[in-house]
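The lines below spell out each chain.
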Amino acid sequence: MNVKKFTAATSRDALRKVREALGPDAVILSNRPVDGIVEILALANDDVASMASPSVESGMDAPRPSLQHLEPVHAAPALAPVAAAPAPQSYANRRAPQPEPAFDMAAMTAMMSAAIAQAKDSAASEMSGMMNEIRAMRGQMETQLAELSWGATQQREPQKAGVLRDLLAAGFSATLARYLVEKMPAGKDEADAMRWIKTVLQRNLTTMADEDEMLSKGGVFALVGPTGVGKTTTTAKLAARCVMRHGPEKLALITTDAYRIGGHEQLRIYGKILGVMVHSVKDEADLRIALKELRNKHTVLIDTVGVSQRDQMVTQQVAMLSETGADVKRLLCLNSTSTNETLNEVVRAYQGSGLAGCIMTKLDEAASIGNVLDVVIRQKLNLYYISTGQRVPEDLHLPDRAMLVDRAFRSSRAAAAEISDADLPLLMSGASRNMNKLNEVSFG
Ligand SMILES: Nc1nc2c(ncn2[C@@H]2O[C@H](COP(=O)(O)OP(=O)(O)OP(=O)(O)O)[C@@H](O)[C@H]2O)c(=O)[nH]1
Ligand SMILES: [Mg+2]
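The rules behind these values
- Residues numbered from 1 in each chain as written.
- Chains lettered and ligands numbered in written order.
- Predicted model: local features only at pLDDT ≥ 70, side-chain atom pairs only at ≥ 80, totals over all residues.
- Heavy atoms only, no water.
- Helix = DSSP H or I, 4+ residues; strand = E, 2+ residues; numbered from the N terminus.
- Buried < 20%, exposed > 50% of the residue type's maximum accessible area, 1.4 Å probe, protein only.
- Expected span 1.5 Å × (residues − 1).
- Core = buried A, V, L, I, M, F, W, Y, C linked by side-chain atoms within 4.5 Å.
- Salt bridge = Lys/Arg side-chain N within 4 Å of Asp/Glu carboxyl O.
- pLDDT = per-residue confidence, 0-100.
- Contact = heavy atoms within 4.5 Å.
- Pairing = 2+ DSSP bridges.
- Axes fitted to C-alpha atoms, helices over the stretch in contact; angles between N-to-C directions.

Participant: Tell me what's going on with the environment of aspartate 25, and back it up with residues and numbers.
Facilitator: Following the sequence through the fold, aspartate 25 ends up in the loop between helix H1 (11–22) and strand S2 (27–34). By relative accessible area, aspartate 25 is classed as exposed at 52%. Distance in space between the C-alpha atoms of aspartate 25 and alanine 44 is 7.0 Å, their sequence separation being 19 residues.

The following block contains the structure:
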């Protein structure tokens, strides 16, 4: 008996090799992918016949695991030849009552089960390969359909393409840009279209109604966010605003920056200048005690230690601020110079059970601000303040929605010129998959 192994890049090639070597009646024992190629174990039809006979050939080219495990239960020296060359099934049927050579029967059964097991394996892996291919094809089709549909829009309504280019150049995400342009009523010229877009963006930008919401009402506010986004500086700016309105006694400052060398010093200096006590806490228990002691203060501002949004410490920090027994409102500092993707990641990481709002920082350093406005709009964050520089307290302002939206488009003219009409379908095609998240943007 001569089990032969055939390998090729594809099943088809491997089968061709089998046919060439063993003829069209070859019996395939197994067919499976191995290390990226296809491996087929096959027998010539004549060999199948000879399996029934005891004249087991000594030289098997291919591995024959089954045979090696298959010593007959009772040693069977009598491997009598079988005259006819029956198919395996008929051989099995003929087994009793004549004592048949146990070796061959066992070998045959084992070969068959090994072949079946391999066939099952390869069917499963082929199925999962097929599913992956179907998924990839679906993705490609979606992309191409989106490209086609954008190509058509561009020809039909060229002013939409212009608006789209401006939105992308301003830093808005392709998803939001596409959504807005698709919802835009037809028949507007480009200036009209832009006005409509700006109005919709403004309407969907939520800002603190007026400063009284924070300063008059008071409460406990924690500034959170990744490292270096301006939490301490913004805390000092807010503290100065509180002191100007209510005097230093009504305010307390807490820093959770207890373990970095000199971590709390920065805030302590601001506290000294303003005449406000700064409390330093190192853990949740500390914070609980401090907030209990300070419950009579009109406003408590907590400056937290910066944690990367990719660090699992964020979760601990969110938990620490949520379980103090007091109502701690978390304000997320968003660095306007970060990319849209990074800012989305930051919001996701810091969201916890809900943010009270956000503060845009480093607006003065940002070349475009559509990226940060996009995140605030899509994540429906309440924008409390904008920070436009390092000076305490001057560089903190209440957000002006019209000004912010105007500013987003003002600096983007040069960038818009760099996006060609031919690029638009491609840029938009990736946006199609996230569209369903946007159905709450209001246009009325
Ligand atoms: N240009 C500019 N710089 C800012 C602004 N806000 C803060 N900075 C500067 O950014 C740097 C970092 O500010 P911090 O307030 O220390 O930032 P932080 O978030 O407290 O940093 P960590 O505590 O290390 O996480 C400082 O040099 C600030 O002066 C801003 O709005 N514009
Ligand atoms: Mg700090």
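Continuing now.
Participant: Pulling in residues and values, what's your account of helix H10 (residues 231–246)?
Facilitator: An ideal rise of 1.5 Å per residue puts 22 Å on 16 residues; H10 measures up with 22 Å between its terminal C-alpha atoms. The buried count for H10 comes to 13 of 16 residues, which makes it a mostly enclosed element. Of the residues flanking the end of H10, it is glycine 247, one or two places downstream, whose phi is positive at about 85 degrees.

Participant: Give a detailed account of the nonpolar core, specifying residues and quantitative values.
Facilitator: Leu167, Ile197, Leu201, Ile302, Leu334 and Phe409 are the most contacted members of the largest nonpolar core, which totals 65 residues. The element that contributes the greatest number of residues to this core is helix H8 (residues 190–203), accounting for six residues. Leu215, Cys242, Cys333 and Tyr384 belong to the second largest nonpolar core, which has 22 residues in total.

Participant: Can you lay out the pattern of salt bridges for me, pointing to particular residues and giving the numbers?
Facilitator: By the definition in use, this model includes 13 salt bridges. Lysine 329 serves as the salt-bridge partner of aspartate 327, at 3.4 Å between the closest nitrogen and oxygen. You can call aspartate 327 exposed: its relative accessible area is 54%. Note on lysine 329: relative accessible area 28%, which makes it partly exposed. Each member of the salt-bridge network shares a partner with another, and the members are Asp13, Arg16 and Glu20.

Participant: Give me the confidence of the model for the protein: which residues, what numbers.
Facilitator: Across the protein, the average pLDDT comes to 82, with 81% of residues at or above 70. Confidence scores differ between elements of the protein, with helix H3 (residues 65–69) showing the lowest mean pLDDT of 37 and strand S9 (residues 357–361) the highest of 98. Confidence over residues 54–102 falls short of pLDDT 50; this stretch has 62 contacts with residues more than four positions distant or in other chains.

Participant: Explain the sheet that holds strand S10 (residues 383–387) to me, using residue names and the numbers behind them.
Facilitator: One open sheet holds the eight strands; their spatial order is S6-S5-S7-S4-S8-S9-S10-S11, and the pairing between them is mixed. On the outer flanks of this sheet lie strand S6 (278–280) and strand S11 (396–397), each paired with one strand and no other. For S9 and S10, the ladder comprises three bridges, and the chain directions are parallel. Across the sheet, residue isoleucine 359 finds its bridge partner in S10, namely tyrosine 385.

Participant: Before we move on, can you summarise the sheet that holds strand S3 (residues 37–43) with the specific residues and values?
Facilitator: Within the open sheet, the three strands sit side by side as S1-S3-S2. Their pairing is antiparallel. This sheet does not close on itself; its edge strands, each paired only once, are strand S1 (4–8) and S2. Neighbouring strand axes in the sheet, compared pairwise and without regard to direction, differ in orientation by 20 degrees on average. Bridge analysis of S1 against S3 gives five bridges, and the strand direction is antiparallel. By the bridge assignment for S3, lysine 4 is matched with alanine 42. Set on the sheet, H1 makes contact with S1, S2 and S3; between it and S1 the angle comes to about 140 degrees.

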